[in-house]
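What follows is the residue order along each chain.
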Amino acid sequence: QVQLVESGGASVQAGGSLKLSCAASGFTFSTYCMRWYRQAPGKEREGVASINTYGDTNYADSVKGRFTISKDNAKNTLYLQMDNLKPDDTAMYYCAAGVCELFVAYGEGTLNWGRGTQVTVSS
């Protein structure tokens with residue numbers, strides 16, 4: 001009964017900023033690893049950013065220095081702050097959650113997924 005609901009997607013101009021949110025329920029938020037993925041039409045799904053139970057973060061090279069992942073355990077909410085957006089950032093963005101040890105051992109097949117929120121960046 002894990003539920004993940006993304007919000008905050010919008011259409012913005014290149015160079016602009018957005019902050020995505022992922023509201024989580026149905027599990028102990030603080031014990032899960034959380035990730036953001038994105039997928040554009042015709043392209044493979046790409047891991048964007050991750051955060052573990054200790055707050056350690058990782059980013060794809062394509063977004064490093066521009067995006068920041070964070071979480072608020074008290075609010076059961078994951079965030080993705082996106083700055084200096086580029087047209088190549090246009091995609092559906094998905095929140096994903098899973099038991100950290102299982103994800104590390106077995107990969108993204110262990111994750112639960114939200115339905116996504118659309119980000120469109122125009123020139």
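Treat the numbers as computed from the prediction; the structure is a model and nothing was measured.

A.B. asks: Account for the nonpolar core, naming residues and giving values.
C.D. replies: Of all hydrophobic cores here, the largest spans 29 residues; its most connected members are Met34, Trp36, Leu78, Leu80, Met82 and Tyr93. At the level of elements, strand E3 (18–25), strand E4 (32–39), strand E5 (46–51), strand E7 (67–72), strand E8 (77–82), strand E9 (91–99) and strand E11 (117–122) are the ones that each hand at least two residues to this core. In this structure, leucine 78 is in contact with Leu20, Ser21, Cys22, Phe29, Met34, Arg35, Trp36, Ile51, Ile69, Ser70, Lys71 and Cys95, ignoring residues within four places of it in sequence.

A.B. asks: Which residues make up the environment of cysteine 95, and what are the values?
C.D. replies: Examined against the element boundaries, cysteine 95 turns out to sit in strand E9. Take cysteine 95: its relative accessible area is 0%, and that puts it in the buried class. Through-space distance from the C-alpha of cysteine 95 to that of valine 63 is 16 Å; in sequence the pair is 32 residues apart. The residues contacting cysteine 95, other than those within four sequence positions of it, are Leu4, Glu6, Cys22, Met34, Arg35, Trp36, Leu78, Asn112, Trp113 and Gly114.

A.B. asks: Could you give me a rundown of the state of the cysteines, with the residues and numbers involved?
C.D. replies: Summed over all chains, the structure comprises 2 disulfides. One disulfide in the model links cysteine 22 with cysteine 95; its S-S distance is 2.1 Å. In this structure the cystine formed by cysteine 22 and cysteine 95 twists about its S-S bond by roughly -75 degrees; its chirality is therefore left-handed. Taken as a pair, cysteine 22 in strand E3 and cysteine 95 in strand E9 lie far apart in primary sequence, 73 residues in all. The pair formed by cysteine 22 and cysteine 95 is uniform in burial state, with each residue classed as buried.

A.B. asks: Give a detailed account of the side chain of serine 50, specifying residues and quantitative values.
C.D. replies: Position of serine 50 relative to the elements: it lies in strand E5. The buried category is assigned to serine 50, whose relative accessible area is 12%. Those residues in contact with serine 50 that sit more than four places away from it in its chain are Met34, Arg35, Asp56, Thr57, Asn58 and Ile69.

A.B. asks: Help me get a handle on the side chain of arginine 35, residues and values and all.
C.D. replies: Relative to the helices and strands, arginine 35 resides in strand E4. For the buried arginine 35, no salt bridge exists, and the shortest N-O distance to an oppositely charged side chain is 6.0 Å, to glutamate 108. Looking at arginine 35, its side chain comes within polar contact range of the side chain of tyrosine 37, at 2.8 Å. With sequence-adjacent residues up to four places away left out, arginine 35 is seen in contact with Gly47, Ala49, Ser50, Leu78, Tyr94, Cys95, Ala96, Phe103 and Leu111.

Procedures and definitions
- Residues numbered from 1 in each chain as written.
- Predicted model: local features only at pLDDT ≥ 70, side-chain atom pairs only at ≥ 80, totals over all residues.
- Heavy atoms only, no water.
- Core = buried A, V, L, I, M, F, W, Y, C linked by side-chain atoms within 4.5 Å.
- Buried < 20%, exposed > 50% of the residue type's maximum accessible area, 1.4 Å probe, protein only.
- Helix = DSSP H or I, 4+ residues; strand = E, 2+ residues; numbered from the N terminus.
- Contact = heavy atoms within 4.5 Å.
- Disulfide = S-S within 2.5 Å.
- Lys, Arg positive; Asp, Glu negative; His and termini not counted.
- Salt bridge = Lys/Arg side-chain N within 4 Å of Asp/Glu carboxyl O.
- Polar contact = N/O pair within 3.5 Å; in protein donor to acceptor, adjacent residues only side chain to side chain.

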